[in-house]
Amino acid sequence: MKEIKIIGRGGQGGKTAAEIIAKIGLNEGKFIQSFPEYGAERQGAPVFAYTRISDEEITIHSDVKNPDIIAIIDPTLIIPKMVEGIKSDGILIVNTNKTSDEVRDHLKLKLKDIYTVDATSISIKYLGKNIPNTPMLGAISTATGLFSLKDVEEEIKHKFLKKIGPEFTKKNIDSIREASKEVKQ
Amino acid sequence: MSKTKIDRTPLSGAESVAQAMRQINPEVVAAYPITPQTGIMHAFTAFVNDGDVDTEMIRVESEHSAMSATLGASAAGVRAITATSSNGLALMHEIVYIAASTRLPIVMPVVNRALSGPINIHCDHSDTMAERDSGWVQIYCENNQEAYEMTLLAIRLAEHKDILLPVMVCQDGFITSHGVEGVKLYKDSIVKKFLGKYKPKHPLLDTKNPITIGPLDFYDYYFEHKRQQSEAIHNVRKVFPKLVKEFKKISGKDYGFIESYMMDDAKEAIVVMSSSAGTTKEVVDRLRKEGRKVGMVKIRMFRPFPISEIKEVLKGVDIVAVLDRVESFGAVGGPLFNEIRSSLYDYNNKPKIVNYVFGLGGRSYTPELGRQVFDEISKDKNSKDYEHNLVRYLVVRN
């Protein structure tokens, strides 16, 4: 079983990203769970969203304490408290313009697999606004190999084509592709 | 991406219930919003808006009115549903009792949430446990699939001629209600065939056979009517297995009043309800790998209480920990503990039994806590004075 934690702020789409990853798992015939952690709901508060993907039925119904993968989609949340509990062989993907070594020092982490990508700039470049969750999906794909770029693109089309139209869907996909190339270890 | 046909849909527990309601297509749904139930009505009112159901959706001014309108519609002779949580259910309390004693087959999904105060939106079972003597059948669901299927089964159970009682289908607030899982939905045509067309026994609107509903009933007959109500809820014991057998042709599942997990040779057991049962299964799996003879019993139906199944499953066990997600103030332990302990009274070689109050107000129940319970009762097994510590609180500050 893989356990993924997505860290963002209210309104940044962390919950949607977690659900998209879960849906990709489901499409592949795996068992999935996806759930946000609800605190006092206020705009801008840190929000955690989780996904579990497994080959076997998932019976556990509690928070993820030791994630295999953490994705931080808001650069102001790169703080040690946020990455507590990550597995020693886990993977961390961070939206930042800093390098992975800088992030490792800042977080005082021994983790080998830290990836960085400037998802905010990519989001602004393609989507005209700061919704970094979409490009982050491309970065997560490259960093973890948990799902392919094609999987994300198909799911984005499935989820958004009707809602936002072909032009904006394409821009979303372009942002995902760029982030998947730009993400660095 | 694999192109194999996936037969599961990603749905939250609330959406899973809304899908069941879409297939039930009740004539009347009355509701008042309250978190975390809102997810059900949010999804269901979209079906109403899109014309996927023929339901008359009544938006009322309070939960007291929601239950009253549902009761009125059910008395008139149609399928009627409402849903609620926490203080919403508490506000319905008066009409909840009247619905049961009027013998109306209302189905009500409840998303369990802690009762105020202090105000809290998260899960515990204080809301539905406060209604445990109301005369409603109570079913508690572990996951989204179960919430979907139990809502369908509840319709047939409520409407059965030997029962004619309302049914609550409970699931854990946020934990399952807002958690997405892959849910296998059965075809509309198959489900509709299973549900059948509702033929009310005594519809108020049958003007050729006029009846009175809700008359005064004093010392001359009130007692007899209460006794009949009690007979009716115990008839669930006979009817539910038959309905499960029929539904098995669709679901392939053997739903019992309880679910035992690794209990065949278990010496230590946890008894628990709803989503925490799933987490406990994970704990049992981990401890079994270490060679420990542990098991879990999930109470699926709390009312009527499955006494004979409990006696049978806990027979050879050394010690049992009953987990109550509610505090019963001034009592010796929670309501589930008292039911289980009372069920075992007649045995000469009864297992030792302790109670854990846990998860109040949404406090997380993790596999680590489940392990802690097993570790503690494992020590209590050989202790003589475990009774001095009969009711415990699973991780609470002093």
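All figures in this text were calculated on a predicted structure; none of them were measured in a lab.

Participant: Is there a simple way to think about the packing of aromatic side chains in this case?
Facilitator: For any pair of aromatic rings, the description consists of the separation of the ring centres together with the inter-plane angle of the planes. Residue and element names in this part refer to chain B. Within the structure shown, the criterion is met by nine aromatic pairs over all chains. Both rings, one in F240 and one in F257, keep their centres 5.4 Å apart while their planes meet at 45 degrees; by these two values the pair is tilted. Of the two residues, F240 sits in helix α8 (residues 222–251) while F257 sits in the loop between α8 and β9 (258–261), which places them 17 residues apart along the sequence. We classify F257 as buried; its relative accessible area is 6%. Aromatic ring contacts, followed pair by pair, group Y148, Y186, F194 and F247 into a single cluster. Here R22 stacks its cationic end above the ring of F47, 5.8 Å away from the centre of that ring. Sitting over the ring of F257, R237 keeps its end group 4.4 Å from the ring centre.

Participant: How should unusual backbone geometry be read in this particular structure?
Facilitator: All names here are of chain B. A cis geometry characterises the amide bond from S116 onward to G117, with omega recorded as 0 degrees. As for its position among the elements, G117 is in the loop between β5 (107–112) and α5 (126–129). G117 connects to P118 through a cis peptide bond whose omega is 0 degrees. Position of P118 among the secondary structure elements: in the loop between β5 and α5.

Participant: Could you clarify how one ought to interpret the interface of chain B and chain A in this entry?
Facilitator: Quite often, the size of an interface is put as the accessible area lost when its parts meet. With 28 residues of chain B in contact, the opposing surface of chain A contributes 23 residues. In total, chain B and chain A occlude about 2,100 Å² of area from one another, counting both sides; carbon and sulfur atoms represent 57% of this. Taken together, the connections running from chain B to chain A amount to zero salt bridges. The interface formed by chain B and chain A holds eight residue pairs in polar contact (both at pLDDT 80 or more) in total. When contributions to the side of chain B that touches chain A are tallied by element, the ones reaching two or more residues are β1 (8–12), β8 (180–184) and α9 (275–289) of chain B. Sorting elements by how many residues they give to the side of chain B that touches chain A places α9(B) first, with six residues. Residue classes in the side of chain B that touches chain A are distributed as eight nonpolar, 13 polar and seven charged. As paired strands, strand β2 (residues 31–37) of chain A and β8(B) are joined by two bridges and run antiparallel to one another. Pairing of S34(A) across the sheet is with V180(B), part of β8(B).

Participant: What exactly am I supposed to notice about the sheet that holds strand β13 (residues 319–324) of chain B here?
Facilitator: Each strand in a sheet pairs with another by means of backbone hydrogen bonds, the pair being arranged parallel or else antiparallel. Residue and element names in this part refer to chain B. Strand order in the open sheet formed by six strands is β9-β11-β10-β13-β14-β15, with mixed pairing between adjacent strands. What marks the edges here is a single partner per strand, and that holds for β9 and β15 (391–393). Adjacent strand axes in the sheet meet at a mean angle of 20 degrees, parallel and antiparallel pairs treated alike. Relative to β15, strand β14 (residues 352–357) is paired through three bridges, and the arrangement is parallel. Following the sheet pairing, V357 is matched in β15 by Y393. Contacting β10 (268–272), β11 (294–299), β13 and β14, helix α11 (residues 335–343) crosses the sheet at an angle of about 150 degrees to β13. Packing against the sheet, helix α12 (residues 367–380) makes contact with β10, β11, β13, β14 and β15, and its axis sits at approximately 135 degrees to β10.

Thresholds, definitions, all that
Residues numbered from 1 in each chain as written. Chains lettered and ligands numbered in written order. Predicted model: local features only at pLDDT ≥ 70, side-chain atom pairs only at ≥ 80, totals over all residues. Heavy atoms only, no water. Phe/Tyr/Trp six-rings, centres within 6.5 Å; stacked < 30°, edge-to-face > 60°. Helix = DSSP H or I, 4+ residues; strand = E, 2+ residues; numbered from the N terminus. Buried < 20%, exposed > 50% of the residue type's maximum accessible area, 1.4 Å probe, protein only. Lys NZ or Arg CZ within 6 Å of the ring centre and 35° of its normal. Contact = heavy atoms within 4.5 Å. Buried area = accessible area lost by both parts, 1.4 Å probe. Salt bridge = Lys/Arg side-chain N within 4 Å of Asp/Glu carboxyl O. Polar contact = N/O pair within 3.5 Å; in protein donor to acceptor, adjacent residues only side chain to side chain. Nonpolar A, V, L, I, M, F, W, Y, C, P; charged D, E, K, R; others polar. Pairing = 2+ DSSP bridges. Axes fitted to C-alpha atoms, helices over the stretch in contact; angles between N-to-C directions.

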